[in-house]
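# Descriptive structure summary
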Amino acid sequence: MTCDIRRFVTLGVLLVLLIVTASAAAQPPDRWTRPFEGHRVIGNLYAVGTYDLAVFLITSDEGHILINTGLEDSTALIRDNMNSLGFELDDVEILLTMQAHWDHTAALAEIKEITGAEMWATEGDARVLEDGGFSDPHFGGEESFPPVSVEKIIAEGDVIELGDTRLTVMETPGHTEGSSSYLMKVTEGGRDYDVAIANMATINPGKQLVVDPTYLGVADDFAETFSKQRALDVAVWVSAHGSQYGLHDKYERGQAYHPDTFVDPEGFLATVERLESLYLEQVEAERR
Ligand SMILES: [Zn+2]
């Protein structure tokens, strides 16, 4: 009898623990949803995302390009940030992503619906965008964001043109199969700046590179990305998370615009090299 009660209590405690753990896992980090003011990065590149989930706006006189969203309810925040900078969500013509993970894609379908913009994506990410994350080899098996149809496949070296904006596609696979970065040149005050909107090659926990790889070729994909990014000429860089590119060290709320605010070639190289050593350590550990 006592034993039964004990078992009953133990089961009850386990159940409560399970529920607490599950709801904690479902709760996104506060920094992902915390509003942050829209601001100009350099030239016609603006940041209009949350405190940590980066959303980039590239403006032109023939409409705008929007890269990424935040979570599913981020449309209003993106719209407010755009409005505060004098731009309209309705003028977005092209939607892009850096990586087809729900924290960067979940409002795409809604924004597409509102604006009538076209979704352009790499082949690897297009599949995942269209099935709402179902075919994601790491987080898949269920829908993790509202599916969004893709109008155009983009690939390495493609130049996306809108008005006088030219954005070059650089495939940087590994984090997802279709992870991509975008390169542009900006001229400010008579000086040319090489700008990289770079998807950084972080490895999500539980991902396997060489032993039972999460997808075939994932290790080679990461290696390709590191070698491309190391060779890149970068003055200004930003990435999919504010914390990755030091947003809050470089920029404070209300700070006046200066084209040099996000100039940080050493920081870019150091970040690529740090991530590459984590990658090499994991490859080594898996082979042990
Ligand atoms: Zn991700």
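We now turn to the structure provided with this report. (Residues numbered from 1 in each chain as written. Predicted model: local features only at pLDDT ≥ 70, side-chain atom pairs only at ≥ 80, totals over all residues. Heavy atoms only, no water.)

## Focus: the sheet that holds strand β3 (residues 56-58)
With respect to topology, seven strands assemble into an open sheet ordered β1-β2-β3-β4-β5-β6-β7, the strand pairing being mixed. A strand with exactly one partner marks an edge of an open sheet, and here the two such strands are β1 (39-42) and β7 (152-153). Here helix α5 (residues 108-115) sits on the sheet and contacts β4 (64-67), β5 (92-96) and β6 (118-121); the angle it forms with β5, its principal contact strand, is near 160 degrees. (Pairing = 2+ DSSP bridges. Helix = DSSP H or I, 4+ residues; strand = E, 2+ residues; numbered from the N terminus. Contact = heavy atoms within 4.5 Å. Axes fitted to C-alpha atoms, helices over the stretch in contact; angles between N-to-C directions.)

## A closer look at the coordination of the zinc ion
For the zinc ion, every protein donor is listed as Gln99 (OE1), His101 (ND1) and His175 (NE2), and the spread of their distances is 2.0 to 2.2 Å. Within one chain, the residues donating to the zinc ion are spaced in sequence as Q-x1-H-x73-H. With histidine 101 in the loop between β5 and α4 (102-105) and histidine 175 in the loop between β9 (165-171) and β10 (180-188), this pair connects stretches of sequence that are 74 residues apart. On the basis of relative accessibility, which here comes to 5%, the residue histidine 175 falls in the buried class. (Donors = N, O, S within 2.8 Å, 3.2 Å for Na, K, Ca; no water. Buried < 20%, exposed > 50% of the residue type's maximum accessible area, 1.4 Å probe, protein only.)

## Regarding the sheet that holds β10
In spatial order, the strands read β8-β9-β10-β11-β12; together these five strands make up an open sheet with mixed pairing. The open sheet is flanked by β8 (159-162) and β12 (236-238), the only strands paired with a single partner. Strand after strand, the sheet turns through a mean of 25 degrees between neighbouring axes, direction not considered.

## A look at the packing of helix α7 (residues 218-230) against helix α9 (residues 265-287)
Packed helices, taken two at a time, are described by the angle their axes make and the gap between the axes. It is the contact of α7 with α9, at a shortest axis distance of 10 Å, that shows an interaxial angle of 160 degrees. Here α9 runs roughly antiparallel to α7, going by the angle between their axes. Relative to α9, the crossing made by α7 is left-handed. Between α7 and α9, the residues in contact are Ala219, Phe222, Ala223, Phe226, Gln229 and Arg230 and Phe268, Leu269, Val272, Glu273, Leu275, Glu276 and Tyr279, respectively. Grouping the constituent residues of the contact of α7 with α9 by class yields nine nonpolar, one polar and three charged. (Parallel < 35°, antiparallel > 145°, perpendicular 65-115°, else oblique. Left-handed = near helix turned anticlockwise from the far one by under 90°. Nonpolar A, V, L, I, M, F, W, Y, C, P; charged D, E, K, R; others polar.)

## A look at the pairing of β8
Taking every second residue as pointing to the same face, the buried face of β8 carries Ile160 and Leu162, while none of Val159 and Glu161 on the other face is buried. The pairing of β8 with β9 spans four bridges and is antiparallel. From the neighbouring strand, leucine 162 faces β9, where its bridge partner is threonine 165. Counted along the chain from β8 to the antiparallel partner β9, the turn is two residues long, and its residue glycine 163 has a positive phi close to 55 degrees.

## Topic: the pairing of β9
When β9 meets β10, the two strands line up antiparallel, connected through four bridges. Bridge assignment links methionine 170 to a residue of β10, and that residue is serine 181.

## Things to note about the nonpolar core
One finds Phe56, Ile67, Leu96, Ile160, Leu167, Tyr182 and Ile197 to be the most contacted residues of the largest nonpolar core, which totals 52 residues. For this core, the element with the highest residue contribution is α9, accounting for five residues. Not counting residues within four places of it along the chain, the set of residues in contact with isoleucine 67 comprises Ala54, Val55, Phe56, Ile58, Leu96, Thr97, Met98, Leu167, Tyr182 and Ile197. In this structure, Val55, Leu66, Met119 and Ala126 belong to the second largest nonpolar core, which totals 25 residues. (Core = buried A, V, L, I, M, F, W, Y, C linked by side-chain atoms within 4.5 Å.)

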